[in-house]
Structure formats: C-alpha cells, structure tokens
Amino acid sequence: MTKRFLPISAIVLSITVMFSCKENSSGDTKINTSTNSELPVNMDDSSRAIIDRAIAYAGGYEAWNQKKTISFDKKSISYDSTGKVIRETNMHLDYMMKPEFRAKLTYKLNDTTITLIHDGQKARKFYNGQMSDEQKDIDAAWNSSFGSQFVMCMPFKLKDPGIKAEYAGQVTLSDGTPAQVVKTAYTEGAGSNPNHVWYYYFEPGTGKLLANSLYTKNYWDFTRYETFEKTGGLIMPSVRKGYVADTLNKPTRLVSVSTQYNITFDKGLPEDYFKMPDGK
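All values derive from a computational prediction rather than experimental measurement.

Colleague: Which parts of the structure should I look at to understand the nonpolar core?
Modeller: For soluble globular proteins, the rule of thumb is that nonpolar side chains tend to be buried together. One finds W64, I70, Y95, L158, Y200, F202 and M236 to be the most contacted residues of the largest nonpolar core, which totals 46 residues. Per-element accounting of this core gives the leading share, 6 residues, to helix α5 (residues 135-152). Setting aside its immediate chain neighbours within four residues, I70 contacts L93, D94, Y95, M97, M152, M236, I263, T264 and F265. Formed by 12 residues, the second largest nonpolar core is a distinct cluster that contains V197, Y201, A211 and Y243.

Here it is, written out as structure tokens:
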C-alpha cells in the first residue's frame, strides 16, 4: 500500500475549505456547470465599483475572458509555531478554463509522485500513477483543484456567478497601508460553502488587491498579496503570505508562503492531457 501523506501546506487548507464536494452514488464529484452559470451576481454599487476597478488594474475582464488555459509552478512553504519550516512543496499546475473546467496538478513528496486530475466530471488523486479510491483523496483532488485556481485567478474570480458582495468600509493594514474592504460570500450551488465569508482588501484609487481574510466557524486567517507577475497582459498574484488571525485584519503568526511563477496562458496542451490514466 502506498504511504499517505499529510496535506501539502496549511494555506491549502485555509483556501480550499470553502469548496463543497457534490457526489453521486458512485462517489464521483460532479460539476453542475449549467446551474452555476445561471446564478446571479449580487453586489451593491460600492463593492461593484471597487471590484471593477481592481479587475481593470489587473488587465481587464475582457482580456481575462479570452484566456482558455493557465499553467504555472508553485512553491509552498509551511511553518510551525516557532517559525521553523515543516514542509516545502514544489508543484506544477495546468488548468483549462474554457470551454469547461479541467485541472492537473503534480508534485513530489519524498520518492512519491502525486498527481491530482479533474477531468470535468470527476476528480482523482494518484500516487506514482496508482489511483486512490479513498474518499479523503477524492475530496483532496476536488478541493485542491478548485482552491488553487481560485486564489491564483484573483481578482477576476470575484465576478463569478453566485457571488454576493458588499462594501465593508476602510481599514488600515498592519504596515500602515489604507485599504477598502469588500465582504463576499457565495450562494448555495456556486460550489462554495455559504458559511464561509471572505473579505478582500483593495488599495484606494488604483484598485490593487492587497490582502484577504477568511472567516468560518469562529476561525480567521489572513493572506497578504506581496508581489505580482505580469504575463499575457494580465497582472497575476506571485507571492502570497498566509497568517493565523485573531479577527478581521488582525494577522498574527506566519504559517505559509506561496510563490507562483512561470505563469503562462494558452499553453498548447495535448487533447488527452486531462484524461484519467488507464481511461479511468
């Protein structure tokens, strides 16, 4: 039996808990794309203006909608309570965004190659090419596939169907930077847990994305967007730092650093690239 490993980093946990797995009787995770695409976007005027400004700053929604695939490498480092590195992972990620969602993520832990594939209908996790049927691995493949794309594609994902947004005022970040805050949640059926609430911090004037907070069941975390990389005419997140938080905009201990690089749009991928090995 292939040895199982712990999740790749603390930040993956904090960004993927929002996604709920919808299973059929065979255990396959399904995407109801027709339902999701019809869900309304509900925003007040202030939040809409801030999000539109952020997207314009990042390159524009029209340019974003022309992208069919995105590929990148990601280095994730996790820290314990003393600041000691407890895990370091290097992953390659490929996503098809149009005409429908596909994902393939690959990384190594010790001598084990781990691959997560979402073929548009189901998600599976492979250890050295061997598919796991354990539910926790199916869930991990689903959650990591969507979670990694979600945070990478900000602020464009804030226009996705099913989002609810409202302006939450202005705050000052710990480094003294002023920020406008937009509170967001997702309606049932949007692939998100409605109990989770996200807060996004934007630079007044420019609309630049600065940070986000996640609240769920008396738990807070905080992520700071440190640097960005411009590619394909768009400004994409590069370095993000994740913190435990006491409450909104109150980060405490650093728990992770994620670095995205080699970001490429519309990379030529083989037709069967997202197919499950052995036709499964």
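Colleague: Help me out: how do you make sense of the pairing of strand β5 (residues 112-118) in this one?
Modeller: The side chains of a regular strand alternate, first on one face of the sheet and then on the other. A large share of β5 lies buried, amounting to 6 of its 7 residues. In this sheet, β5 lies alongside strand β4 (residues 102-109) in antiparallel orientation, the contact comprising 7 bridges. Bridge pairing in β5 links A103 to H118. Between β4 and β5, which pair antiparallel one after the other, the connecting turn spans 2 residues, and N110 there sits at a positive phi close to 55°. Across 5 bridges, β5 lies against strand β6 (residues 123-127) in antiparallel orientation. Of the residues in β6, the one forming a bridge with T115 is F126. Counted between consecutive antiparallel strands, the loop separating β5 from β6 contains 4 residues, among which G120 sits at a positive phi close to 100°.

Colleague: Please clarify how the pattern of salt bridges should be interpreted in this entry.
Modeller: Once their charged atoms are close, side chains differing in charge can pair, the charge on each being opposite to the other. Under the definition given, this model contains 9 salt bridges. Here R102 makes a salt bridge to E100, at a shortest N to O gap of 2.8 Å. For E134, the salt bridge is made with K136, and the minimal N-O distance between the two is 3.7 Å. Overall, E134 belongs to the partly exposed group, its relative accessible area being 33%. Overall, the relative accessible area of 46% leaves K136 in the partly exposed class.

Colleague: I tried to follow α5 on my own but got confused; where do I start?
Modeller: Note: α-helices contain 3.6 residues per turn, so residues at a spacing of three or four share the same orientation. Taking 1.5 Å of rise per residue, the 18 residues of α5 would be expected to cover 26 Å, and the 26 Å separating its terminal C-alpha atoms lies within 8% of that figure. Burial analysis of α5 places 14 of its 18 residues in the buried class, the great majority of the element.

Colleague: I keep staring at the packing of aromatic side chains and nothing clicks. Help me out?
Modeller: Two measures describe an aromatic ring pair: the distance that separates the ring centres and the angle between the ring planes. Per the counting criterion, the structure on display carries 15 aromatic pairs. In this structure an aromatic cluster arises from ring pairing among F72, Y95, F101, W142 and F146. The ring of Y273 has K104 sitting right over it, with the charged end atom 4.3 Å from the ring centre. A cation over a ring is seen here: K159 above Y61, with NZ or CZ 5.8 Å from the ring centre.

Colleague: Would you mind going over helix α3 (residues 45-57) with me for this structure?
Modeller: Helix length check: α3, at 13 residues, gives a terminal C-alpha distance of 18 Å against a target of 18 Å (1.5 Å per residue), a fit within 8%. Two residues or fewer after α3 comes G59, characterised by a positive phi angle close to 130°.

Colleague: Honestly, the side chain of Q260 in this entry has me stumped. Any pointers?
Modeller: Of note, Q260 is situated in strand β14 (residues 251-265). Among the polar contacts made by the side chain of Q260, one reaches the side chain of R240 at a distance of 3.2 Å.

Colleague: Would you explain the side chain of H196 in this entry?
Modeller: Its location among the elements puts H196 in the loop between β9 (178-186) and β10 (197-202). Owing to a relative accessible area of 5%, H196 belongs among the buried residues under this scheme. At 2.7 Å, the side chain of H196 forms a polar contact with the side chain of T216.

Colleague: It is not clear to me how the pairing of strand β11 (residues 209-216) should be interpreted in this structure. Could you clarify?
Modeller: Taken across its 8 residues, β11 has 7 buried, putting it largely inside the fold. When β10 meets β11, the two strands line up antiparallel, connected through 6 bridges. Along β11, the bridge assignment pairs V197 with Y215. Between the end of β10 and the start of β11, which pair antiparallel, lie 6 residues, with G205 showing a positive phi angle near 90°. Here β11 pairs with strand β12 (residues 219-231) via 6 bridges, running antiparallel. Looking across to β12, one finds that Y215 is bridged to W220. The hairpin turn running from β11 into β12, its antiparallel successor, is 2 residues long, and K217 in that turn takes a positive phi close to 50°.

Criteria and cut-off values
Residues numbered from 1 in each chain as written. Predicted model: local features only at pLDDT ≥ 70, side-chain atom pairs only at ≥ 80, totals over all residues. Heavy atoms only, no water. Core = buried A, V, L, I, M, F, W, Y, C linked by side-chain atoms within 4.5 Å. Buried < 20%, exposed > 50% of the residue type's maximum accessible area, 1.4 Å probe, protein only. Helix = DSSP H or I, 4+ residues; strand = E, 2+ residues; numbered from the N terminus. Contact = heavy atoms within 4.5 Å. Pairing = 2+ DSSP bridges. Salt bridge = Lys/Arg side-chain N within 4 Å of Asp/Glu carboxyl O. Expected span 1.5 Å × (residues − 1). Phe/Tyr/Trp six-rings, centres within 6.5 Å; stacked < 30°, edge-to-face > 60°. Lys NZ or Arg CZ within 6 Å of the ring centre and 35° of its normal. Polar contact = N/O pair within 3.5 Å; in protein donor to acceptor, adjacent residues only side chain to side chain.

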